[in-house]
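A look at the structure
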Amino acid sequence: MIDAVALGRLIQIALEEDVGSGDVTSDLTLDPQSESEGIILAREGGIMAGLPAVDQVFFQVDPNVVVTPGVDEGEEFNAGGIVANIAGPTRSILVGERVALNLLQRLCGVATETSRYVKMVAGTGVTILDTRKTTPGMRDLEKYAVRQGGGANHRMGLYDGILIKENHAQASGGISEALDRVHRGLAETDSRYLIVAEVGDDAQAREAVAAGADRLLLDNMDPVAMAKIVKWIRDSDRPDVELEASGGMNLDNVKTVAETGVDYISVGALTHSVKSIDLSLLLR
């Protein structure tokens, strides 16, 4: 589910940014007592994600605005379809319109792009993951949209998972030393986290497995090299080590990577460069 506190804070900031001291155009052109009904119309097809956010935008603007979903979260919609109906005070609808559409278009874009990747790897057993390359302030929402598109979430932040990246290894004296420090630190606090180590070649992969990594993040490796590591892991005394491919993933190469036998593929493009879906709010 969406974090209600984080969503409320984001919407408050967005409304303050957009509305400021008031919607002078609506205030001057509309009767304060005017009531309207409207629709959110899809100009192109996609996967739905974000109607709960739309509902909360209008609730913050005016609790008298009622948003009725036209499709379910995670459901596919077509161009020309009505994805939501809206009714309430006209001024309030227009005040919330831009913020609501900005959020919905962005989240539908994330869900739609995720769905494309999920479909490309169908039948391989691979799970598509997101990354931390999210829009500042929108991580919870964008990761929610990834789930609606059929993907899964990587760690939410620095606090809920251990990922030893190249810079960690460099600064701590190597992959083995970094992993040793992690294991000692966790033992002292009786804590448990998934321990992921980023590796760039076969030697680093073997070093990380020997040092106790739970998952290897195969970073910017070609499919042939990945497949060799997959085979080695499955034939080793630690066949349960998870394998994640990352770096330069796109719709042209993701299926080839999935066919190497990795368990996960993380795709930064799901959130950092996605195209928003074209939606419009029209009053009847």
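It should be emphasised that the depicted structure is a prediction, and the values quoted were computed from it without experimental measurement. (Residues numbered from 1 in each chain as written. Predicted model: local features only at pLDDT ≥ 70, side-chain atom pairs only at ≥ 80, totals over all residues. Heavy atoms only, no water.)

Section: the side chain of Asp130
As a reminder, the rule being used: Under the DSSP-based scheme used, a helix requires at least four consecutive residues in state H or I and a strand at least two consecutive residues in state E, with every element numbered from the N terminus. Each residue is assigned to one of three classes by its accessible area relative to the maximum for its type, calculated with a 1.4 Å probe on protein chains only: buried under 20%, partly exposed between the two thresholds, exposed over 50%. Under this definition, polar contacts are N or O atom pairs within 3.5 Å; protein pairs additionally need one hydrogen-donor-capable and one acceptor-capable atom, and for neighbouring residues in sequence, both atoms have to be side-chain atoms. Contact between two residues is taken to exist if any of their heavy atoms lie within 4.5 Å; hydrogens are not considered.
Mapped onto the secondary structure, Asp130 falls in the loop between strand S6 (127-129) and helix H5 (139-148). Overall, Asp130 belongs to the buried group, its relative accessible area being 0%. At a separation of 2.7 Å, a polar atom in the side chain of Asp130 contacts the side chain of Lys143. Apart from residues lying up to four places away in sequence, Asp130 is in contact with Lys143, Val146, Ala152, Asn153, His154, Ser266, Val267 and Leu270.

A short note on the sheet that holds strand S5 (residues 82-89)
The cut-off we apply is this: Note on pairing: DSSP must find at least two bridges between two strands before they are called paired. Helix axes are fitted to C-alpha atoms over the stretch in contact, other axes to C-alpha atoms as well, and angles between N-to-C directions run from 0 to 180 degrees.
One open sheet holds the four strands; their spatial order is S3-S5-S1-S12, and the pairing between them is antiparallel. The open sheet is flanked by strand S3 (66-69) and strand S12 (279-283), the only strands paired with a single partner. This sheet shows a mean twist of 20° between the axes of neighbouring strands, independent of strand direction. The pairing of strand S1 (residues 35-42) with S12 spans five bridges and is antiparallel. Each bridged residue has a counterpart across the sheet, and for Ile39 the counterpart in S12 is Leu282. Against the sheet, helix H3 (residues 51-61) makes contact with S1, S3, S5 and S12, and its axis sits at roughly 170° relative to S3, the strand it touches most. In the packing of helix H4 (residues 90-120) onto the sheet, the strands contacted are S1, S5 and S12, and the crossing angle to S12 comes to about 160°.

A look at the packing of aromatic side chains
Note the threshold: Between the rings of Phe, Tyr and Trp (Trp by its six-membered ring), a pair exists once the centres lie within 6.5 Å; its type follows the angle of the planes, with under 30 degrees stacked, over 60 edge-to-face, and the other angles tilted. Charges are assigned to positions over rings by a cutoff of 6 Å between ring centre and Lys NZ or Arg CZ, combined with an angular limit of 35 degrees from the ring normal.
Applying the stated criterion across every chain yields a total of zero aromatic pairs. The residue whose ring lies beneath Arg215 is Tyr264, and the NZ or CZ to ring-centre distance is 4.1 Å.

A few points about the environment of Gln105
You can see Gln105 is positioned in helix H4. Separated by 173 residues in the primary sequence, Gln105 and Asp278 place their C-alpha atoms 6.3 Å from one another.

Notes on the environment of Ser21
Among the secondary structure elements, Ser21 is positioned in the loop between helix H1 (4-19) and helix H2 (24-29). Given a relative accessible area of 83%, Ser21 falls into the exposed group. Along the chain, Ser21 and Arg215 lie 194 residues apart, while their C-alpha atoms are 51 Å from each other.

On their own, these measurements won't tell you what the molecule is for.
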